Amino acid sequence: KARNPGEPEFLQAVQEVAADIMPFVEANPKYRDAKILERLTEPDRIVSFRVCWQDDKGDVQVNRGFRIQANNAIGPYKGGLRFHPSVTQSVLKFLAFEQIFKNSLTGLPMGGGKGGADFDPKGKSAAEVMRFCQSFMTELYRHVGHDTDVPAGDIGVGGREIGYMFGQYKRITNNFTGVLTGKGLEYGGSEMRPEATGYGAVYFMEDMLHTKGEQIEGKTAVISGSGNVATHAAEKVNHRGGKVLTLSDSAGFIYDPDGIDLEKIEWVKELKNVRRGRISEYAEHFPGAEYHQGKRPWGVAADLALPCATQNEIDLEDAKTLLANGCKAVAEGANMPTSLDGVHAFLEAGVLFGPAKAANAGGVAMSGLEMSQNSARRALSSEELRDLLRSIMDGIHKRCYEAGLQGDGFCNYVKGANIAGFKKVGDAMLAFGVV
Ligand code: NDP
């Protein structure tokens, strides 16, 4: 705490991981003696920089950009860029820290990193977003590279922003390399990347349910968010015969008792990605749907919950409400959407709880496959990639299950994910000696 003042999100993430890892480290003194956990809590480096750009009126704007290179013991730094006014060093340090374990869990050779800026893309013209992205990359380019650090998208950074940044990187360096993932298909992107996080979270949910002999078919689901992760999670729940009841954005949520089917999801994608509108418009467009301003969707009774918007969107009260309404399983599509006491409530109630670093690892796994496709200069088909995603998510589930299964038959996936992710990185760090 003394070393990281004013960084509550980072401390929260470290606290959660340390609670699971400490007993494991005590039982395996090689990690304790080499201070592996302490080393992991100190990023390899943090780059913070000024991003200066001009808005459409010609006024000068100043934002702060970051890249946190947390750990590259098992591969180049890898993790998304977030553009949102809530971005701080603490938020990005928590995300980069989590990313180390998540990337390790995928089984692919990727280290952990994260970055972004306190820039708010909402209400900005495409030209303003482009100028911001170009200015951001004008500094970032010297810290990244296809074998060094490969950023991707995150909140506020989708295909459009990746395009602007890739274009600027290429222009400055005169190199066409896979320095970013989440690229357009025309210039080195991978099929299935947009779908991967949301689909992967539902595959993980399915794997958890299978351990209890259950499936998604016939079950209801509450989902938060209406961005990339949420819409694709909603799509896959539909594919599996489940019924999606809610979606949300930062202003409120919509509840559609008839179910948000594939056609309605396409409408939401167009609303959010093309028209850049608000989810409230859903209730105006689809009769029977309700809009709840300023609220989160956790009060709607459902079998399954998939938080897919942002951090700390399920607090203890929300967790208790979900449990009281009979929620059987939670898979975190967003990063750290459940507060620490909320996580404990789910675990104590014995429901299936898939933590973010396992459940939402499908996105970064597909990014890893985008990197290998770029290196090989060969594009795989959607079918091949869907099968690979499925098997990677099954592998993640298996590693978490084996490390998290308790004597009483309950699987603590949070603990399982932390230990399985830690072990691989820790062993690599041991091999390097004191560095
Ligand atoms: P998008 O920007 O596509 O969508 C984010 C969604 O969350 C939007 O509906 C947004 O609403 C809502 N949201 C953002 N901030 C808040 C807030 N403070 N309170 C309530 N709602 C909010 O992002 P993604 O779907 O890509 O990311 C969602 C989550 O998933 C994040 O936690 C991200 O880190 C995580 N994630 C994403 C991956 C990916 O592949 N994209 C990979 C792994 C994790 P609004 O439109 O009003 O801003």
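Residues numbered from 1 in each chain as written. Predicted model: local features only at pLDDT ≥ 70, side-chain atom pairs only at ≥ 80, totals over all residues.

Rules: UniProt positions are given in the numbering used here, feature names are shortened, and annotations may be inferred rather than shown by experiment.
The protein chain is annotated in an unreviewed UniProt entry as Glutamate dehydrogenase of Nisaea acidiphila. Under the UniProt heading Sequence similarities (unreviewed entry), the entry covering the protein chain gives this text: "Belongs to the Glu/Leu/Phe/Val dehydrogenases family." Recorded under Catalytic activity (unreviewed entry), the UniProt text for the protein chain is reproduced unchanged: "L-glutamate + NADP(+) + H2O = 2-oxoglutarate + NH4(+) + NADPH + H(+)".

Section: the site of the ligand
Applicable threshold: Being near a molecule or strand means, for a residue, that its backbone-placed C-beta atom lies within 6 Å of it. A run of H or I in DSSP counts as a helix once it spans at least four residues, and a run of E counts as a strand once it spans at least two, with each numbered from the N terminus. Each residue receives one of three labels: charged for Asp, Glu, Lys and Arg, nonpolar for Ala, Val, Leu, Ile, Met, Phe, Trp, Tyr, Cys and Pro, and polar for the others, Gly being one of them. All domain edges in this entry derive from an automatic or database-based domain assignment.
The environment of the ligand is formed by 22 residues, the closest being Gly227, Asp249, Ser250, Ala334 and Gly363. Looking at the shell around the ligand, the element that brings in the most residues is helix α8 (residues 228-239), giving 3 residues. Among the residues forming the shell around the ligand, the class breakdown is 7 nonpolar, 13 polar and 2 charged. Looking at which domains feed residues into the shell around the ligand, each of domain 1 (8-179) and domain 2 (195-359) supplies at least three.

Description of the nonpolar core
Our working rule: Note on definitions: a nonpolar core is a set of buried residues drawn from Ala, Val, Leu, Ile, Met, Phe, Trp, Tyr and Cys, linked by C-beta atoms within 7 Å. Labels follow a simple rule on C-beta atoms placed from the backbone: if 20 or more others lie within 10 Å of a residue's own, it is buried; if 12 or fewer, it is exposed; otherwise it is partly exposed. Note on contacts: each residue gets a C-beta atom placed from the backbone, and two residues are in contact if those atoms are within 7 Å.
By size, the foremost hydrophobic cluster in this structure holds 124 residues, and its most contacted members are Phe204, Met205, Ile223 and Ala233. Per-domain counts for this core show at least three residues from each of domain 1 (8-179) and domain 2 (195-359). Not counting residues up to four positions away in its chain, the partners in contact with Ala233 are Gly198, Ala201, Val202, Ile223, Leu306, Cys308 and Gly333.

Here's the deal with the domain arrangement of the protein chain
On domain assignment, one finds that the protein chain holds domain 1 (8-179) and domain 2 (195-359). Placing the centre of domain 1 and that of domain 2 at their C-alpha centroids yields a distance of 25 Å. Each partner contributes residues to the interface: domain 1 has 13 residues there, and domain 2 has 9 residues. Elements supplying a minimum of two residues to the side of domain 1 that touches domain 2: α1 (8-27) and α4 (89-105). Broken down by element, the side of domain 1 that touches domain 2 gets its largest block of residues, 6 residues, from α4. Looking at side-chain class alone, the side of domain 1 that touches domain 2 contains 6 nonpolar, 3 polar and 4 charged residues.

A look at the UniProt feature "binding site: NAD(+)" (unreviewed entry) in the protein chain
Residues given the UniProt feature "binding site: NAD(+)" (unreviewed entry) here are Thr197 and Asn228. For the residues just named, distributed over 32 residues, the greatest C-alpha separation is only 8.2 Å, placing them together at one site. On the secondary structure map, Thr197 appears in helix α7 (residues 193-210). Among all residues touching Thr197, those that are not within four sequence positions of it are Asn228, Val229, His232, Gly333, Asn360, Gly362 and Gly363. Relative to the assigned elements, Asn228 resides in helix α8.

Here's the deal with the confidence of the model for the protein chain
Applicable threshold: The score called pLDDT rates the predictor's confidence residue by residue, from a low of 0 to a high of 100.
Residues of the protein chain with pLDDT of at least 70 account for 100%, and the chain-wide mean is 97. Here the predicted complex carries an ipTM of 0.97, next to a pTM of 0.93.

Observations regarding the environment of Ile68
When you line up the elements, Ile68 lands in strand β2 (residues 60-71). Look at Ile68 and you get buried, because 27 C-beta atoms sit within 10 Å. With 23 residues separating them along the chain, Ile68 and Arg45 place their C-alpha atoms 6.2 Å apart.

Examining the sheet that holds strand β1 (residues 45-54)
Through backbone hydrogen bonds, the strands of a sheet pair up, either in parallel or in antiparallel fashion. Threshold: Between any two strands, pairing holds if DSSP finds at least two bridges. Lines fitted to C-alpha atoms define the axes, with helix axes restricted to the stretch in contact, and inter-axis angles between N-to-C directions lie between 0 and 180 degrees.
Spatial strand order, β1-β2-β4-β3-β5: 5 strands in an open sheet with mixed pairing. Pairing within the sheet leaves two strands with one partner each, and these edge strands are β1 and β5 (149-152). The average angle at which neighbouring strand axes cross in this sheet is 20 degrees, direction not considered. For β2 and strand β4 (residues 112-117), the ladder comprises 6 bridges, and the chain directions are antiparallel. By the bridge assignment for β4, Ile68 is matched with Lys114. Seen against the sheet, α4 touches β1, β2, β3 (77-83) and β4 and runs at an angle of roughly 150 degrees to β4. Most of the contacts of helix α5 (residues 126-140) go to β1, to which it runs at about 145 degrees, and overall it touches β1, β2 and β4.

Considerations on the pairing of β2
In this structure, β1 lies alongside β2, joined through 10 bridges in antiparallel fashion. Within β2, the residue paired with Val51 across the bridge is Asn63.

So, the sheet that holds strand β7 (residues 243-249)
Spatially, β9-β8-β7-β6-β10-β11-β12 is the arrangement adopted by the 7 strands of the open sheet, whose pairing is mixed. Each edge of the open sheet carries a strand with a single partner, namely β9 (290-293) and β12 (352-354). Across this sheet, the average inter-strand angle for adjacent strands is 15 degrees, counted without regard to direction. Direction of pairing for strand β6 (residues 220-223) relative to β7: parallel, over a ladder of 3 bridges. Residue Ala221 lies in a different strand from β7, and its bridge partner there is Val244.

Describing the packing of α8 against helix α9 (residues 262-274)
Just so we agree on the cut-off: When describing relative orientation, an angle under 35 degrees is termed roughly parallel and one over 145 degrees roughly antiparallel, while 65 to 115 degrees is termed roughly perpendicular and anything else oblique.
Direction vectors running N to C along α8 and α9 enclose 170 degrees, while the axes themselves pass 10 Å from each other. In this view, α8 runs roughly antiparallel relative to α9, as classed from their interaxial angle. Residues Thr231, Ala234, Glu235 and Asn238 of α8 form the contact with α9, whose participating residues are Leu262, Ile265, Val268 and Lys269. Classifying every residue of the contact of α8 with α9 by side-chain character gives 4 nonpolar, 2 polar and 2 charged.

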